[in-house]
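Letter by letter, the chains look like this.
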Amino acid sequence: MATVIANHAPLSADMEEWDEFLQGRYREGKSEEEFRQYDAEANPGVANFYKLNHENQTFDYVTQKEKQYFGLDKGDKSLWDAAAFLNTLVDDSDPDTDLTQIEHLLQTSEAIRADGHPRWFVLAGFVHDLGKVLCLWGEPQWGVVGDTFPVGCAYSEHIVFPEYFAGNPDLHHPEYSTKYGIYEPNCGLDKVHLSFGHDGYIYEAMKNYLPEEALYMLRYHSFYPAHKHGAYRHLMNDHDVEMFRWVNEFNKYDLYSKGHAKPDMKALKPYYDDLFAEFFPEKIAW
């Protein structure tokens, strides 16, 4: 979950204090085996975050938040402005990184660029977590980050900490608790409501600018029950299955680029200025 110095609000103008805080937490060179250690004993703060997430992400909550945010009426910002706004946060639902948000975005996109992927793929790497600006608009941390899952149907045992759904009222709903719930078999994920968070929001912000492959990456990169464990195939159609190869390709950069050295933002900025101009107007709606 997105942590701040005090009272769940962005840090004040004392950026040196913020930098010192991050530097004290940061260490390089993590191995792949150290990533995503989500058991409660290893990191009880993460477990508590998911308890709140699973208890509160009901179907009614999700649809209300979609109506609140998917109209993109929070004003226009450039990508750099959005990233700078986000940079007051560090994601504590994710035990894998102590980078600033903009460093993580650049680290991910630079790993993608180094492997020779298309420019739209590099751009997806940069923008994929910009939806976490929801935290700065007052949304609770459990409602912005963390693994996503469908609502309006039965919860999968492959969702992290599934035992915490015991406190979610939808678990006992006569329709939402069934395998298909409100959905038709193989209806396609575009018809499925996922738990509300930064994935769905950034998809809405980017859907008029990026190719479909990139949009799948953005919309489903936290949908670990599906792309890591094969859950919810009964809701996916053939096109979803085909496109998830791009989600899986993206995910290895999202996860396993996090142990690399910090990127040099000043040196990289001209490349990204050019990349942003290729796909986006100067400012977009958020």
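Notes on the structure follow. Treat the numbers as computed from the prediction; the structure is a model and nothing was measured.

So, about the pattern of salt bridges. In this structure the tally under the stated criterion is nine salt bridges. Of the charged contacts in the structure, one is a salt bridge between Arg119 and Glu278, with a shortest N-O distance of 2.6 Å. Of the two residues, Arg119 is situated in helix α6 (residues 119–127) and Glu278 in helix α11 (residues 265–279); the sequence distance between them amounts to 159 residues. For Arg119, a relative accessible area of 28% gives the class partly exposed. A salt bridge links Asp273 to Lys269; the shortest N-O distance between them is 3.1 Å. In this pair, Asp273 and Lys269 both sit in helix α11, four residues apart, roughly one turn of the helix. Asp273 gets classed as partly exposed once you look at its relative accessible area, which sits at 32%. Note on Lys269: relative accessible area 32%, which makes it partly exposed. Each of Arg119, Asp274 and Glu278 takes part in salt bridges that share partners, so that together they form one network.

Of all the nine residues making up α6, eight are buried; the element is thus mostly covered by neighbouring parts of the structure. Along α6, the positions that sit buried rather than exposed are Trp120, Phe121, Val122, Leu123, Ala124, Gly125, Phe126 and Val127.

What follows covers the side chain of Asn53. Here Asn53 is to be found in helix α2 (residues 44–56). Setting aside residues no more than four positions away along its own chain, Asn53 makes contact with Trp142, Val145 and Phe149.

The next thing to look at is the packing of aromatic side chains. Taken as a whole and assessed by the stated rule, the structure comprises 31 aromatic pairs. With centroids separated by 5.8 Å and ring planes inclined at 35°, the aromatic side chains of Phe126 and Tyr272 adopt a geometry described as tilted. Within this pair, whereas Phe126 is found in helix α6, its partner Tyr272 is found in helix α11, the two being separated by 146 residues in sequence. Tyr272 shares its class with Phe126; the two are buried. What links up through ring pairs into an aromatic cluster is the set Tyr69, Phe70, Phe85, Trp137, Phe196 and Tyr201. The side chain of Lys77 reaches across the aromatic face of Phe85, ending 5.0 Å from its centre. For the cation-ring pair, Arg113 lies above Tyr271, with the distance from its terminal atom to the ring centre recorded as 3.7 Å.

Turning next to the environment of Glu204. Residue placement: Glu204 occurs in helix α7 (residues 198–206). Looking at Glu204, the relative accessible area reads 12%, which means it is buried. Along the chain, Glu204 and Glu66 lie 138 residues apart, while their C-alpha atoms are 9.9 Å from each other. Once residues lying within four places of it in the same chain are set aside, the contact partners of Glu204 are Phe70 and Leu72.

So, about helix α5 (residues 101–114). For α5, spanning 14 residues, the distance from its first C-alpha to its last is 20 Å, which sits close to the expected 20 Å at 1.5 Å a residue. Summarising burial for α5: twelve of the 14 residues are buried, a large majority. Those residues of α5 not exposed but buried are Gln101, Ile102, Glu103, His104, Leu105, Leu106, Gln107, Thr108, Ser109, Glu110, Ala111 and Ile112. Gly116 sits one or two residues past α5 and shows a positive phi near 80°.

Calculation rules
- Residues numbered from 1 in each chain as written.
- Predicted model: local features only at pLDDT ≥ 70, side-chain atom pairs only at ≥ 80, totals over all residues.
- Heavy atoms only, no water.
- Salt bridge = Lys/Arg side-chain N within 4 Å of Asp/Glu carboxyl O.
- Helix = DSSP H or I, 4+ residues; strand = E, 2+ residues; numbered from the N terminus.
- Buried < 20%, exposed > 50% of the residue type's maximum accessible area, 1.4 Å probe, protein only.
- Contact = heavy atoms within 4.5 Å.
- Phe/Tyr/Trp six-rings, centres within 6.5 Å; stacked < 30°, edge-to-face > 60°.
- Lys NZ or Arg CZ within 6 Å of the ring centre and 35° of its normal.
- Expected span 1.5 Å × (residues − 1).

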